[in-house]
Amino acid sequence: MRKVLVHFVGFRDDRYWNAVRIWGLPDMIHEAWDMYAENDIAPGDIIIFANGDWNQKPRSFTVEAARSRETRRIGRETSG
């Protein structure tokens, strides 16, 4: 039988420790609820969101992609 994993999504402040008190340490931490995070979830896993409803749709892009776009934008503004 497969172990049920606990996933924390979007925690950035003291709410993380509140969730740890209730659920224990997470098996996986996801910075954002995106397609990559959704693909890490298996049936029966527990997902704890810092914000939002349990049935929210995952973003189609990653946090890393958004950061990369912002870095490129800033680079273009400062170089030209």
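This text goes with the structure placed above it.
Novice: Got a minute to help me understand the overall build of the protein in this structure?
Specialist: The number of helices and strands found in the protein is three helices and three strands. Its helices and strands taken in sequence order, the protein reads β-α-β-α-β-α from the N to the C terminus. Taken over the C-alpha trace, the protein has a radius of gyration of 16 Å; the compact-globule value for 80 residues is 12 Å, which it surpasses by more than 25%. Structurally, the protein occupies a C-alpha span of about 55 × 25 × 20 Å along its principal axes. By residue count, 28% of the 80 residues in the protein fall in the buried class. Put simply, of all contacts in the protein between residues at least 6 apart along the chain, 54% involve residues at least 24 apart. For the protein, the computed accessible surface area is about 6000 Å², with 55% contributed by carbon and sulfur atoms. Charge separation in the protein, taken as the distance between the mean sites of 12 positive and 12 negative side-chain charges, equals 3 Å.

Novice: Before we go on, may I ask you to explain the pattern of salt bridges in this structure?
Specialist: Side-chain pairing between opposite charges can occur once the charged atoms of the two side chains come close. Summed over the entire model, instances satisfying the criterion amount to four salt bridges. Note that lysine 3 is salt-bridged to aspartate 27, the shortest N-O span being 3.1 Å. Of this pair, lysine 3 sits in the segment before β1 (6-9) while aspartate 27 is found in the loop between α1 (15-23) and β2 (28-30), placing the two residues 24 residues apart along the sequence. The class for lysine 3 is exposed, based on a relative accessible area of 53%. By relative accessible area, aspartate 27 is classed as partly exposed at 35%.

Novice: Honestly, the sheet that holds strand β3 (residues 46-49) in this entry has me stumped. Any pointers?
Specialist: What holds strands together in a sheet is hydrogen bonding between their backbones, with the strands either parallel or antiparallel. If you trace the three strands from one edge of the open sheet to the other, you get β2-β1-β3, paired in parallel fashion. Each having just a single partner strand, β2 and β3 make up the two edges of the open sheet. Between one strand axis and the next, the sheet turns by 20 degrees as a mean value, whatever way the strands run. Sitting on the sheet, α1 is in contact with β1, β2 and β3, with an inclination near 165 degrees to β1.

Novice: Is there a simple way to think about α1 in this case?
Specialist: Owing to its 3.6 residues per turn, the α-helix brings residues three or four apart onto one side. The set of residues buried in α1 consists of Tyr16, Ala19 and Val20. Viewed end-on, α1 has its buried residues packed into an arc of 105 degrees, placing them on one side of the element. For α1, the exposed residues set more than 90 degrees away from the buried face come down to Arg21 and Ile22. Those residues of α1 that are buried are in contact with β1, β2 and β3. Just downstream of α1, glycine 24 is the residue with a positive phi angle, here 85 degrees.

Novice: Honestly, the environment of serine 79 in this entry has me stumped. Any pointers?
Specialist: On the secondary structure map, serine 79 appears in helix α3 (residues 63-79). Given a relative accessible area of 63%, serine 79 falls into the exposed group.

Scoring rules and cut-offs
- Residues numbered from 1 in each chain as written.
- Predicted model: local features only at pLDDT ≥ 70, side-chain atom pairs only at ≥ 80, totals over all residues.
- Heavy atoms only, no water.
- Helix = DSSP H or I, 4+ residues; strand = E, 2+ residues; numbered from the N terminus.
- Rg over C-alpha atoms; globule rule 2.2 N^0.38 Å.
- Buried < 20%, exposed > 50% of the residue type's maximum accessible area, 1.4 Å probe, protein only.
- Contact = heavy atoms within 4.5 Å.
- Areas by Shrake-Rupley, 256 points an atom, 1.4 Å probe, with all protein chains shown as cover.
- Lys, Arg positive; Asp, Glu negative; His and termini not counted.
- Charge placed at Lys NZ, Arg CZ, Asp CG, Glu CD.
- Salt bridge = Lys/Arg side-chain N within 4 Å of Asp/Glu carboxyl O.
- Pairing = 2+ DSSP bridges.
- Axes fitted to C-alpha atoms, helices over the stretch in contact; angles between N-to-C directions.
- Arc of directions from axis to C-beta.

The quantities given are spatial measurements derived from coordinates; they are silent on function.
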